[in-house]
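Residue-level structure breakdown
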Amino acid sequence: MTERPRPNESRARVVALAVTGSVAAYKAVEVARLLIKSGHRVLPLMTASATRFVGPVTLSGICGEPVATDMWDPAYPGELHVAIADRADVLAIVPATADALARLAQGRADDLVTATALCARGPVLVAPAMHPRMWSHPATQANVAALVSQGRVRLAGPVVGPVASGDVGMGRMAEPVEIARAVEELASGVGDLSGKRVVVTAGPTYEPIDPVRFLGNRSSGKMGFALAARARARGADVLLIAGPVALPTPAGVERRDVETAEQMRAALADALGPDLRGADAVVMAAAVADFRPASASATKIKKDAASAAPAIDLARNPDLIAEIAARRAGEAPALVAFALETGDDAAVLAYARKKLEQKRVDLVVANAAHESLGHGDNRVALVDAAGASPFVAASKEALADRILDRLVARPA
Ligand code: CTP
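Residues numbered from 1 in each chain as written. Predicted model: local features only at pLDDT ≥ 70, side-chain atom pairs only at ≥ 80, totals over all residues. Heavy atoms only, no water.

Looking now at the site of the ligand. Residues in contact with the ligand amount to 14 residues; listed here are only the nearest, Met284, Ala286, Asp290, Pro318 and Phe338. Contact distances for the ligand include 2.6 Å between an oxygen atom and a backbone N or O atom of Ala286. Contact distances for the ligand include 2.8 Å between a nitrogen atom and a backbone N or O atom of Pro318. When the ligand sits alone it has 580 Å² of accessible area, and the protein chains cover 75% of it. In terms of residue count, the dominant contributor to the shell around the ligand is strand S16 (residues 334–341) (3 residues). Each residue belonging to the shell around the ligand can be placed in one class, and the counts come to 10 nonpolar, no polar and 4 charged. (Near = heavy atom within 4 Å. Polar contact = N/O pair within 3.5 Å; in protein donor to acceptor, adjacent residues only side chain to side chain. Areas by Shrake-Rupley, 256 points an atom, 1.4 Å probe, with all protein chains shown as cover. Helix = DSSP H or I, 4+ residues; strand = E, 2+ residues; numbered from the N terminus. Nonpolar A, V, L, I, M, F, W, Y, C, P; charged D, E, K, R; others polar.)

Given a rise of 1.5 Å per residue, 13 residues ought to cover 18 Å, and the 19 Å separating the end C-alpha atoms of helix H1 (residues 25–37) matches this to within 8%. A positive phi of about 95° marks Gly39, the residue just after H1. (Expected span 1.5 Å × (residues − 1).)

This part covers a nonpolar patch on the surface. A cluster of nonpolar residues, Val23, Tyr26 and Phe53, forms a patch on the protein surface that exposes about 310 Å² of accessible area. Relative to the elements of secondary structure, Tyr26 occurs in helix H1. Judged by its relative accessible area of 52%, Tyr26 is exposed. (Patch = residues over 30% accessible without salt bridge, like charges linked within 9 Å, V, L, I, M, F, W, Y side chains within 5 Å. Salt bridge = Lys/Arg side-chain N within 4 Å of Asp/Glu carboxyl O. Buried < 20%, exposed > 50% of the residue type's maximum accessible area, 1.4 Å probe, protein only.)

Turning to the sheet that holds strand S2 (residues 41–46), a few remarks are in order. The 5 strands lie next to each other as S2-S1-S3-S4-S5, forming an open sheet whose pairing is parallel. Since the sheet does not close on itself, it has two edges, and those belong to S2 and strand S5 (153–155), each with one partner. Geometrically, the sheet is characterised by an average inter-axis angle of 20° between neighbouring strands, direction not taken into account. Pairing of strand S3 (residues 90–96) with strand S4 (residues 124–128), which is carried by 4 bridges, proceeds in the parallel orientation. Within S4, the position partnered with Ile93 by the bridge is Val126. Its contacts with the sheet put H1 on strand S1 (14–19), S2 and S3, and the angle it makes with S1 is roughly 170°. (Pairing = 2+ DSSP bridges. Axes fitted to C-alpha atoms, helices over the stretch in contact; angles between N-to-C directions. Contact = heavy atoms within 4.5 Å.)

In structure tokens:
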């Protein structure tokens, strides 16, 4: 007979595993099993609706701990949510329903799970699971963005796949093994980017035509902001150089707002310094305008019924990432560019490969314009000298983690 692993090794952590009411709740049992197998102690919590999907006895049997479901349980002395939050190194909410995400985003504490989350000492992992229409609803997307920008919550999934109804789409819970791995990373306490300085650019640039008009593009900035939030949550010191977007600054991130490509270039030069030692990595998620009006009118251009429509002469903007790459002597800083293209997957990948060579960067994130611009989710392939990964569809936060994983895996 082999005994249940004892949580007595130095890397063993206490994980509060909170289950909310989704069909995917049965997979939380597997997450608990995997964590216990790795030697961690798991404190199970369930919302009332979660108990309709999976029996508390199953979870308590696997975890060897009583299942906490009720803030008002007289069997527990003191305040149960505070006691659990005090004991847990990490709180994992698996699965997290759309309702749980909404309540977490609002900072509500109306059941044991949300009260414990509000009181958590350490990081919180959420593994969303819901129908794809619920996931893509703007309310859910806003809640997820708010949670991520607060800097305390890490997302695991969701992923594209079949959901309980039989429909297929983004909303299926990540696999238990992925969730357990993410929990273990968080529980280990040391961000894998700690000690690193990461500069991220985000959003469009606006190139003035006259004092009231500009040339711009449809970039929302969401991908760059997600990258900045995730890099910070993983321990990096992050500077976010943002074009004109109305997004909140992720917690703990230093932000510099710019408008034009020239201003972005100056902000990058300031951040990197003459020897480019100011950053370990530069992630150019900004959609920098390739052209600007050759000269901006100092006064508003007026329409004149007698004359034809004015022509706007354009001048090329410098390629900011290519300029940095050309000045780079060795491997640092690591350089990541984006290739936002129209066309099918093969065409998008071909453009991305061309950009990798032309710009002399280390990684190109290839995505199709119609799947990216303004969306909370995206579908990308990562292209480097070794080849291209398959296209993966996921939330921008989850994709940000994949991009950062590549940077971490890169030889120093
Ligand atoms: N980029 C940059 N400076 C520019 C333009 C783009 O640093 N003046 C960066 C973007 O931040 C992004 C990548 O380069 O990381 C995009 O490459 P680019 O060739 O500009 O893309 P598109 O304009 O979309 O492509 P193309 O003009 O080749 O169609």
